[in-house]
Amino acid sequence: MPVWPPTLRKAMKLSLSDTFLHFLCKYFLLHVILLMSLAACSPKENSPAVLVRQGWVSDYAGKLQPADKSRISANLEAYEKETCHQIFLLIIPSLAGENIVEFSQRTASAWEIGQPGFGNGFLVSIALDEGTVRMETGSAFEWFIQNGTADKILQEEMFPLFRQDKFVEGLERGLEEIMIAGRLKPIPENHKPDICRH
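In this text, all values refer to a predicted model and were calculated from it rather than measured experimentally. (Residues numbered from 1 in each chain as written. Predicted model: local features only at pLDDT ≥ 70, side-chain atom pairs only at ≥ 80, totals over all residues. Heavy atoms only, no water.)

Tallying secondary structure elements over the protein chain gives 6 helices and 4 strands in all. Ordered by position from the N terminus, the helices and strands of the protein chain form the series α-β-α-β-α-β-β-α-α-α. A burial count over the protein chain gives 37% of its 198 residues as buried. Carbon and sulfur atoms make up 58% of the accessible area of the protein chain, which amounts to about 13200 Å² in all. (Helix = DSSP H or I, 4+ residues; strand = E, 2+ residues; numbered from the N terminus. Buried < 20%, exposed > 50% of the residue type's maximum accessible area, 1.4 Å probe, protein only. Areas by Shrake-Rupley, 256 points an atom, 1.4 Å probe, with all protein chains shown as cover.)

Have a look at this one:
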């Protein structure tokens, strides 16, 4: 990366009959249910669409050469086979006014990064026009951002190479550092999901 007390009155004389009162209650309840249903079904205005994941590397900006994309994808796939952790890379041309944190969190949630129930995933989001990068993590790797590991990788490994117009080198250097840090929290073999067991 975000539940809404009754009063008791004694012996009240009602001018309305019980039948009519019952009718009014049912009418009010149906009206409330209808309004709630319409609100739930109506699309949220200005709600950005979630980009479709294109594998390990989703390059919507066309920034990577096919050979670079294939190599990075193969490395990320091999890393999952080794550790059971998942790393996804997303490159977009622009955020179109959206905050990088909100965009990254929304995408990570929609893509369900990490193995089900483990929260052991990473999403690296890069917006080229804004020159910004965000590392989003599953719950198992929240410490990765909290203790500054993500910022250190960005500032010391990736950004210096990006500034030298060495985008691919900076990208691969950063991903390698993420892999190294991820290996510090291995999943015990007897707790791994079946898909990760050798």
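Next up on the list: the packing of helix α2 (residues 66-83) against helix α6 (residues 167-182). Between two packed helices, both the angle of their axes relative to each other and the distance between the axes serve to describe the pair. The contact between α2 and α6 brings their axes to 12 Å, and the two run at 0°. Relative to α6, α2 is oriented roughly parallel. Mapping the contact onto sequence places Asp68, Arg71, Ile72, Asn75, Leu76 and Tyr79 in α2 and Val168, Leu171, Glu172, Leu175, Ile178, Met179 and Gly182 in α6. Of the residues in the contact of α2 with α6, the class split is 8 nonpolar, 2 polar and 3 charged. (Axes fitted to C-alpha atoms, helices over the stretch in contact; angles between N-to-C directions. Parallel < 35°, antiparallel > 145°, perpendicular 65-115°, else oblique. Contact = heavy atoms within 4.5 Å. Nonpolar A, V, L, I, M, F, W, Y, C, P; charged D, E, K, R; others polar.)

Moving on to the layout of surface pockets. Estimates place the volume of the largest pocket at around 160 Å³. Lining the largest pocket are Lys63, Ile126, Ala127, Leu128, Gly131, Thr132, Val133, Phe159, Phe162, Asp165 and Phe167. Of the residues in the lining of the largest pocket, the class split is 7 nonpolar, 2 polar and 2 charged. (1 Å grid on protein atoms, 1.4 Å probe; cavity = no way out; pocket = protein on both sides within 12 Å on 5 of 7 lines; lining within 4 Å. Points joined across faces, edges and corners; volume = space filled by probe spheres on them.)

Our next topic: the packing of aromatic side chains. Aromatic ring pairs are reported here in terms of the distance separating the ring centres and the angle at which the planes meet. Applying the stated criterion to the full structure yields 6 aromatic pairs. Between the aromatic rings of Phe141 and Trp143, the centroid separation amounts to 6.1 Å while the plane-to-plane angle is 55°, which identifies the pairing as tilted. Classification of Phe141 as buried rests on a relative accessible area of 0%. Relative accessible area serves as the criterion here: at 25%, Trp143 is assigned to the partly exposed category. Among the aromatic side chains, those forming a connected cluster through ring pairs are Trp56, Phe88 and Trp111. (Phe/Tyr/Trp six-rings, centres within 6.5 Å; stacked < 30°, edge-to-face > 60°.)

Turning our eyes to something else, we now look at unusual backbone geometry. In this model, Cys84 sits at a positive phi of 80°, which is unusual for a non-glycine residue. Residue placement: Cys84 occurs in the loop between α2 and β2 (86-92). One non-glycine residue with positive phi stands out, namely Ala96, at about 55°. Among the secondary structure elements, Ala96 is positioned in the loop between β2 and α3 (100-111). Residue Ala96 is classed as exposed on the basis of its relative accessible area of 73%.

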